[in-house]
Amino acid sequence: MIVPVATLGVLGGGQLGRMFTLAAHRMGYRVWVLDPDPASPAGSMADRHLQAAYDDTAALEEMAEACAAITTEFENVPAETLEFLESRVPVRPGSKAVAIARDRILEKTFIRDLGLPTAAFFAINSAADLAPACEALTMPALLKTSQFGYDGKGQIGVDNLEQARLAFADLNEVPCVLEECVLLDHELSVILARGVGGHTEVYPIGENVHVNGILDTTRVPGRVPDEVAQQARDMAAKLAAAMDYVGVLAVEFFITEDGRLLINEMAPRPHNSGHYTIDACLTSQFEQQVRTMCGLPPGSTRLLSPAVMVNLLGNLWLKGTPRWQYLLAEGHTCLHLYGKEEAREGRKMGHYTSLAEDPKQAMLIAERVRAAIDPAAPDDEYERDD
Ligand code: AMP
C-alpha cells in the first residue's frame, strides 16, 4: 500500500488530471504530471510538471524513478508508454485494460464475448467488410473509427452500402465499427472503483444528456427503474472483474425505446459524467483513482444528495464573461473551473453541480443557473428563488 506523502504520477494534464491532483493533494500525496502542453490545467498545480511528449523515454524514466504508482487521465496514451512504465512501477489501470477500452473493435468484442448486450455491430478493417456488414445490419447505422473518437467525433451516420463506402473513405479507411443506430430513450452511465484485491464500489446510475455529441448534463440518480439501475451496475462490475481491473472505470449505457439496456462504451478513468461525485458523494471518483492506484480499498460511493452536473463549454465565454456572481449566489451550486485560458467552441472549461433534496429540484436550479450566467442574458431576467 502506498500512503502519503508518496509521489503519484499521472499521464495527461487536462481537467481530469487536475481534479486527480486536487484529490491527491487533499489526501497528502505529491503529484507529478506528464503533459507536453506548457499551459496544462493539471501541470500548473502539480508538484512537478514534466513538459515532455508521452513517448519521451528520458521523461518516462524520470517519472518511474520518482513516482510510487502511475495512472492516466486518457486512454490514448501510447501502449508502449504504459508498458514501459509498467515494467518499472505499478501502473493502474494496467496497459491491457487501457488497450481494450481505447479500441472500439476490441472493446465491443470483449463486451459481447462476456455475454453482455451491445448494439449490433461489425468490425470494419477494410472496404471489403462493408457489404456483408450492411447486409446483416438494420439501417441506419453509424460508422465509428475504432480509435481516437471522442465527443461524437470520428462518426458518420449511413443509410446504405454506398454511403458506408463514402464514409469509410472520409475516415481514411482506418479500422472502424459499423453499428446499428438504436432509438434512444435514455443514456446512462455507471462509474465504479475496483481495488487491487477486487473490492468494488459502484456509484449510483447517472442519466446523461448530450448536445452536439458532447455531454451537457448528468442527473443523479437517473430516472430508471431500480432493477434496471441494478442490472447496469452489475454489468459494469462484471466488465471490471473480467479485465481484472484496478482503478476507476466508467461504463456508458443506452436504454432503447423498446426498453433494452445496451452497453455503449467504457472509459478506463474518471469520466465527465462522474464529476458530480466530487460534491455529491462521500468519496469522489478522483479520490477513488488515488485510492485504487495506491492499493488502498475504494471508499464509499454513497450519494449524499441528488445532483445535476452541467458542463461549461467555451461557447459561453465567446459571448462575454460568464456571470459567475449569479451561480455563486446559489447556496447549493458548486463551481469548478479548470484554469484554461483560451475558450474555444466545444472546449470543456469547467462544470457546476447543483444539489437539492430531489433530482427534479436540482435540475430546476441547474437550469436557472444556466440561464443566469449566460453573458448574453438581460440582467433583470434573473431572480433568485429562495
Ligand atoms: P460514442 O462516441 O459511441 O459515445 O457516441 C456519441 C453519442 O452518439 C452517444 O452518446 C449517443 O448519443 C450517440 N450514439 C452512439 N452510438 C449510437 C447508436 N448505436 N445508436 C444511437 N445513437 C448512438
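Parameters and conventions
Residues numbered from 1 in each chain as written. Predicted model: local features only at pLDDT ≥ 70, side-chain atom pairs only at ≥ 80, totals over all residues. Heavy atoms only, no water. Near = heavy atom within 4 Å. Polar contact = N/O pair within 3.5 Å; in protein donor to acceptor, adjacent residues only side chain to side chain. Areas by Shrake-Rupley, 256 points an atom, 1.4 Å probe, with all protein chains shown as cover. Helix = DSSP H or I, 4+ residues; strand = E, 2+ residues; numbered from the N terminus. Nonpolar A, V, L, I, M, F, W, Y, C, P; charged D, E, K, R; others polar. Domains from an automatic or database assignment. Buried < 20%, exposed > 50% of the residue type's maximum accessible area, 1.4 Å probe, protein only. Contact = heavy atoms within 4.5 Å. Axes fitted to C-alpha atoms, helices over the stretch in contact; angles between N-to-C directions. Parallel < 35°, antiparallel > 145°, perpendicular 65-115°, else oblique. Left-handed = near helix turned anticlockwise from the far one by under 90°. Pairing = 2+ DSSP bridges. Salt bridge = Lys/Arg side-chain N within 4 Å of Asp/Glu carboxyl O.

Enquirer: Whenever I open this one, the site of the ligand confuses me. Can you help?
Expert: Around the ligand, a shell composed of 14 residues is seen, among which K144, Q155, E179, E187 and E265 lie nearest. K144 places a side-chain nitrogen or oxygen 2.8 Å from an oxygen atom of the ligand. The contact in question runs from an oxygen atom of the ligand to an N or O atom on the side chain of E187, over 2.5 Å. Burial of the ligand by the surrounding chains reaches 87%, relative to a free accessible area of 470 Å². Secondary structure elements with two or more residues in the shell around the ligand: β6 (141-145), β8 (176-180), β9 (184-194) and β14 (261-267). A per-class count over the shell around the ligand returns 5 nonpolar, 3 polar and 6 charged. Inspection of the shell around the ligand shows a minimum of three residues originating in each of domain 2 (120-180) and domain 3 (184-373).

Enquirer: When you look at helix α4 (residues 95-102) in this model, what are you seeing that I'm missing?
Expert: Each α-helix turn comprises 3.6 residues. Residues three or four places apart therefore point the same way. Burial runs high along α4: 6 of the 8 residues are buried. Within α4, the full set of buried residues consists of S95, A97, V98, I100, A101 and R102. On the buried face of α4, the contacting elements are α3 (79-86), α5 (104-113) and β14.

Enquirer: Got a minute to help me understand the packing of helix α1 (residues 15-26) against helix α10 (residues 285-293) in this structure?
Expert: Between two packed helices, both the angle of their axes relative to each other and the distance between the axes serve to describe the pair. Here α1 crosses α10 at 70 degrees, and the two axes come no closer than 8 Å. As the angle between them shows, α1 and α10 are arranged roughly perpendicular. Remark: the crossing between α1 and α10 carries right-handed chirality. Here L16, M19, F20, A23, A24 and R26 of α1 lie close against α10, whose contacting residues are F286, E287, Q289, V290 and M293. Looking at side-chain class alone, the contact of α1 with α10 contains 8 nonpolar, 1 polar and 2 charged residues.

Enquirer: Teacher, can you tell me more about the sheet that holds strand β2 (residues 30-34) here?
Expert: Backbone-to-backbone hydrogen bonds pair the strands of a sheet. The strands run either parallel or antiparallel. Pairing within the open sheet is parallel, and its 4 strands lie in the order β3-β2-β1-β4. The open sheet has two edge strands, β3 (48-50) and β4 (69-72), and neither has a second partner. Direction aside, the axes of adjacent strands within the sheet are offset by 25 degrees on average. Across 3 bridges, the pairing between β2 and β3 is parallel. By the bridge assignment, V33 is partnered in β3 with H49. Of the strands in this sheet, β1 (7-11), β2 and β4 touch α1, which is tilted by about 165 degrees from β2.

Enquirer: I would appreciate a short explanation of the pattern of salt bridges in the present structure.
Expert: Opposite charge on two side chains permits them to pair, given that their charged atoms come into close proximity. Scanning all chains against the criterion turns up 16 salt bridges. A salt bridge links R48 to E62; the nearest nitrogen and oxygen atoms lie 2.6 Å apart. Here the residue R48 occupies a position in strand β3, and E62 occupies one in helix α2 (residues 57-66), the gap between them amounting to 14 residues. Taking relative accessible area as the criterion, R48 reaches 31% and is therefore assigned partly exposed. One continuous salt-bridge network, built from bridges that share partners, spans R26, E287 and R291.

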